[in-house]
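Below, each chain spelled out in residue letters.
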Amino acid sequence: MKKVFVIEDDRGWESYYKRILKGYDLSCFHDGVEAIAAMDEQVPDLVLLDVLLTGPTGFAVIHEMRSFTELEKVPVLLVSSVEMGDFSKEYGIAGYLNKATMTPRSLLDMVKYSLTEAAND
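Since this is a predicted model, take the numbers as computed values, not measurements.

Visitor: Account for the packing of aromatic side chains, naming residues and giving values.
Guide: Counted according to the given criterion, the structure contains four aromatic pairs. Ring geometry for Trp13 and Tyr17: centres 6.0 Å apart, planes at 35 degrees, overall tilted. Placement of the pair is Trp13 and Tyr17 together in helix 1 (residues 11-20), with a separation of four residues, close to one helical turn. Classification of Trp13 by relative accessible area gives partly exposed; the value is 23%. With relative accessibility at 1%, the residue Tyr17 sits in the buried group. Consider the rings of Tyr16 and Tyr17, whose centres lie 5.9 Å apart with planes at 70 degrees: the pair is edge-to-face. Tyr17 shares its class with Tyr16; the two are buried.

Below, the structure is given as structure tokens:
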């Protein structure tokens, strides 16, 4: 079972992810510092990352992840209620979902796609 770290400070969204992503081994964290510390113990297959977190932003989390060799290839799927524009794969950003428009199907499809692309790298 694929390990997915969800970094989300809103407990309502955390519940949503748990309900939709039942087929994955989820670990949920409410801030990036807590999640990075957990990555010392276990490297996830995918990180589902809220951009606007309390404390360090999602971009700070990505920057911190990429400073560790064992985390530099872990795909990150950004999720935000703010339109973020286009992303490159420079930081291993697998994709972006807008909370205002994503559906359970689009979330599942993007998670599956991100994990498949990571496996092909």
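Now that the structure is up, let's keep going.
Visitor: Just give me the short version of the sheet that holds strand 5 (residues 93-98), but keep the residues and values in it.
Guide: Reading across from one edge, 2-1-3-4-5 is the order of the five strands in this open sheet, with parallel pairing throughout. With one partner strand each, in any of the chains shown, strand 2 (25-29) and strand 5 form the two edges of the open sheet. Each adjacent strand pair in this sheet contributes to an overall mean axis angle of 20 degrees, direction not counted. With five bridges connecting them, strand 1 (residues 3-7) and strand 2 associate as parallel partners. Within strand 2, the position partnered with Phe5 by the bridge is Ser27. Taken strand by strand, helix 2 (residues 32-39) contacts strand 1, strand 2 and strand 3 (46-50), and its axis lies near 160 degrees from that of strand 1.

Visitor: Requested: an account of the nonpolar core, with residues and values cited.
Guide: Ile7, Met39, Val47, Leu49, Met65 and Leu78 are the most contacted members of the largest nonpolar core, which has 20 residues in total. Setting aside its immediate chain neighbours within four residues, Val47 contacts Phe5, Ile7, Met39, Met65, Val74, Pro75, Val76 and Leu77. Counting 18 residues, the second largest nonpolar core, distinct from the first, contains Val4, Leu48, Leu77 and Val79.

Procedures and definitions
Sequence order as written defines the numbering, with residues in each chain counted from 1. The predicted origin of the model limits local features to residues at a pLDDT of at least 70 and limits the giving and counting of side-chain atom pairs to 80 or more, whereas totals for whole chains, interfaces and linings rest on all residues. Computation of side-chain values covers all heavy atoms of the structure but excludes hydrogens and water. Pairing of aromatic rings covers Phe, Tyr and Trp, the last counted by its six-membered ring, and requires centre-to-centre distances within 6.5 Å; plane angles under 30 degrees mean stacked, over 60 mean edge-to-face, and any other angle means tilted. In this text, helices come from DSSP runs of H or I with a minimum length of four residues, and strands from runs of E with a minimum of two, each type numbered from the N-terminal end. Think of it in three bands: with a 1.4 Å probe and only protein chains considered, a residue is buried below 20% of the maximum accessible area for its type, exposed above 50%, and partly exposed in between. The pairing criterion is simple: DSSP has to find at least two bridges between the two strands. Note on geometry: axes are C-alpha line fits, over the in-contact stretch for helices, and angles between N-to-C directions span 0 to 180 degrees. Contacts are assigned to residue pairs with any non-hydrogen atoms lying within 4.5 Å of each other. For this analysis, a nonpolar core means a set of buried residues of the types Ala, Val, Leu, Ile, Met, Phe, Trp, Tyr and Cys, connected via side-chain atoms within 4.5 Å.

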